Amino acid sequence: MKKILIEVVIFGALTTSHNQILANMNHSSGHNHNTTFNQATFVKEFQKSLLLPPILNGKVQNGVRTFDLSVTKGKWEFIDGKFTETYGYNGPILGPILSLKKGEKTKINITNNLAEETTVHWHGGILSQNVDGVHNANIQPNTKKSVEFILNQPAATLWFHPHPMHKTASQVYKGLAGLIYLEDEQSQNLNIPKTYGVDDFPIIIQDKKLTKDGELTYSTTHMEKIHGKSGGHLMINGVISPYIDIPNGLIRLRIVNGSNATNYDIDLNGKDFYQIGSDGGLLSNPVTMKNLSLAPGERGEILIDSNILNKKSYLYINQKKALELRKNEKFGLTSIPKALVEIPKISKNLENLKTRVFTLKTTSKGNTINNIPYNMEKLNFEVQKGTQEIWEIKNGSKMMDMPHPFHVHGAQFRVIERNGKTPPLNEQGWKDTVNLNAGDTVKILISYTTDGITVYHCHILEHEEGGMMGQFQINN
Ligand SMILES: [Cu+2]
């Protein structure tokens, strides 16, 4: 009872009851990492329901949709009966879902109740320097800041997280991450699951190392600085091994890799599912898949037809049962649309575009892009607003076999080539983060439509903070 009360007080809008018993993990290796997920004895798996963050519509005042976001410290019970300090937006961990509409003026009033400075970055938003949450964006302890912006881009599942220099990794790890559901006319008219918590679920996947007393702290060993902070307990929406009740028919999972450094392979143990969205929007058509790989920062929306599942089935993450899917007596949608949205075709005449090369490298000495570590005081290049370029991104870590998910702020790009070939269908939509395994070369097509200083970096947060970042100025 204690647990239920605490969560209801904190989140208010929880629609599912929570059980006392937390889950047992026995995860082994993470893809591309030598990640070991811990086993916690004395707890049982799949006894707690998936936590559903409250979905906020804000208040419309003078045509501006306004939200209040407070960055706070809280206590969270990852392991039953063992509370630890965490960070969250409007609650002890993670944050609410901000429901936004394309083209609408949005205002976010942020209050920093932490004892350290923070910023809020709107990951995936095509936004300029003044609201992007990186430069001149620090919000000091016990102060407020308001940002106003308009997202004029296709419907997508975006997310927000801190981005202060040298504090991004620790603050995300301690719990700061929230979602944005950006909708437009097309997404609202499509016949796909969209009833929150019934057939449409947020799935934020993270892994965190806890002490045997259930304590979460952030520190990095020498190896964690090189490989990123990875392993420990795998969790979805802050809960270890949860379950969800699902209808008979289609369900939609909006999956976000919110980890500091772990790649996830997501599957249904050989059964088919359908990817309908990537980082920056819906795909042109559903793509039939058996496995979805997401690197830190990436998102993927999938549809699962529960009619092909047993009464009790599992979503697997890195070959381990991570989420129990329990069919209830309800019935949902059954037919998967053949087409979703129109995505502009990529022109065949790209020869005239300038190509810029970015080589990402981790060595025992540190992290660089084009052999230069990030320097906040220096621009790496300048571009003209309105131009389009090709970026050729290379994972140049020869010694160390590790992936680098490359993220650019203020843009949604298209992957045009992966290792000399057309990218897979599920990578042909809008992207803001693209994974590069060791030795990979990816070409992207990018347009600059925002203003000011914009950063690009590896989304392994320890690599980013270790220098695998750069910045450029978009000139008007
Ligand atoms: Cu990296």
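Just so you know, these numbers come straight off a predicted model, no measurement behind them.

1. Section: the overall build of the protein chain
Then, in step 1: Looking only at helices and strands, the protein chain has 6 helices and 35 strands in total.
Then, in step 2: Relative to the 2.2 N^0.38 estimate, which gives 23 Å for 476 residues, the radius of gyration of the protein chain is 21 Å and therefore close to what a compact globule would have.
Then, in step 3: Taken along the three principal axes of its C-alpha coordinates, the protein chain extends 60 × 55 × 50 Å.
Then, in step 4: Looking at the protein chain as a whole, 50% of its 476 residues are labelled buried.
Then, in step 5: Here the analysis covers contacts within the protein chain between residues at least 6 apart in sequence; of these, 77% occur between residues at least 24 apart.

2. Regarding the sheet that holds strand 35 (residues 469–475)
Then, in step 1: Sheet architecture is open: 5 strands sit in the order 27-35-34-29-32, paired in mixed fashion. Edge strands, defined here as strands with exactly one partner in the open sheet, are strand 27 (381–384) and strand 32 (433–436). On average, adjacent strands in this sheet sit at an angle of 25 degrees to one another, irrespective of strand direction.
Then, in step 2: Judged from the 4 bridges that link them, strand 29 (residues 404–408) and strand 32 form a sheet pairing that is antiparallel. Bridge pairing in strand 32 places His404 opposite Leu436.

3. Concerning unusual backbone geometry
Then, in step 1: A positive phi angle, close to 55 degrees, is found at Leu94, a residue other than glycine.
Then, in step 2: With respect to the helices, strands and loops of the structure, Leu94 is situated in the loop between strand 7 (82–89) and strand 8 (97–101).
Then, in step 3: On the basis of neighbour counts, which here come to 28 C-beta atoms within 10 Å, the residue Leu94 falls in the buried class.
Then, in step 4: With a phi angle near 65 degrees, His166 is a residue other than glycine that sits in the positive phi range.
Then, in step 5: Tracing the backbone through its elements, the reader meets His166 in the loop between strand 12 (156–161) and helix 3 (168–173).

4. Observations regarding the domain arrangement of the protein chain
Then, in step 1: As far as domains go, the protein chain holds domain 1 (2–182), domain 2 (200–331) and domain 3 (355–475).
Then, in step 2: The partner domain 2 presents 47 residues to the 47 residues of domain 1 that form the contact.
Then, in step 3: When contributions to the side of domain 1 that touches domain 2 are tallied by element, the ones reaching two or more residues are strand 1 (29–30), strand 2 (35–36), strand 3 (48–49), strand 6 (64–79), strand 7, strand 12 and helix 3.
Then, in step 4: For the side of domain 1 that touches domain 2, the leading source of residues is helix 3, giving 4 residues.
Then, in step 5: Of the residues that constitute the side of domain 1 that touches domain 2, the class distribution is 24 nonpolar, 19 polar and 4 charged.

5. A look at the sheet that holds strand 15 (residues 233–236)
Then, in step 1: In spatial order, the strands read 15-14-17-22-19-20; together these 6 strands make up an open sheet with mixed pairing. The two strands at the open ends of the sheet, each matched to only one other strand, are strand 15 and strand 20 (281–289). Neighbour-to-neighbour, the strand axes of this sheet turn through a mean angle of 25 degrees, independent of strand direction.
Then, in step 2: As paired elements, strand 19 (residues 273–278) and strand 22 (residues 299–305) share 3 bridges and run antiparallel to each other. Its bridge partner being in strand 22, Gln275 is matched across the sheet by Ile302.

6. Brief notes about the nonpolar core
Then, in step 1: Counting residues in hydrophobic clusters, the biggest one holds 106 residues, and the most contacted among them are Ile236 and Ile302.
Then, in step 2: Residues contacting Ile236, with those up to four places away along its chain left out, are Leu50, Ile203, Ile204, Ile205, Pro242, Ala322 and Leu323.

7. Some details on the confidence of the model for the protein chain
Then, in step 1: On average, the protein chain scores 91 in pLDDT, and the residues at 70 or more come to 91%.
Then, in step 2: Contacts from residues 1–34, a stretch scored under 50 in pLDDT, to residues over four places away or in other chains number 90 contacts.

8. Side note on the pairing of strand 23 (residues 312–317)
Two faces, one strand: in a regular strand the side chains alternate between the faces of the sheet.
Then, in step 1: Here strand 18 (residues 264–267) pairs with strand 23 via 2 bridges, running antiparallel. Within strand 23, the position partnered with Asp267 by the bridge is Tyr316.
Then, in step 2: Inspection of the sheet shows strand 23 paired to strand 24 (residues 320–331) by 6 bridges, in the antiparallel sense. When the bridges of strand 24 are listed, Tyr314 appears paired with Glu324.
Then, in step 3: The loop that links strand 23 with its antiparallel partner strand 24 comprises 2 residues; one of these, Asn318, has a positive phi angle of about 50 degrees.

9. A look at the environment of Tyr316
Then, in step 1: For Tyr316, the position within the fold is in strand 23.
Then, in step 2: Take Tyr316: there are 18 C-beta atoms within 10 Å of it, and that puts it in the partly exposed class.
Then, in step 3: Tyr316 sits 91 residues away from His407 along the chain, and the two C-alpha atoms are 26 Å apart.
Then, in step 4: Those residues in contact with Tyr316 that lie beyond four places of it in its chain are Asp267, Leu268, Asn269, Lys321 and Ala322.

Rules behind the numbers
- Residues numbered from 1 in each chain as written.
- Predicted model: local features only at pLDDT ≥ 70, side-chain atom pairs only at ≥ 80, totals over all residues.
- Helix = DSSP H or I, 4+ residues; strand = E, 2+ residues; numbered from the N terminus.
- Rg over C-alpha atoms; globule rule 2.2 N^0.38 Å.
- Buried ≥ 20, exposed ≤ 12 C-beta atoms within 10 Å, placed from the backbone.
- Contact = placed C-beta atoms within 7 Å.
- Pairing = 2+ DSSP bridges.
- Axes fitted to C-alpha atoms, helices over the stretch in contact; angles between N-to-C directions.
- Domains from an automatic or database assignment.
- Nonpolar A, V, L, I, M, F, W, Y, C, P; charged D, E, K, R; others polar.
- Core = buried A, V, L, I, M, F, W, Y, C linked by C-beta atoms within 7 Å.
- pLDDT = per-residue confidence, 0-100.

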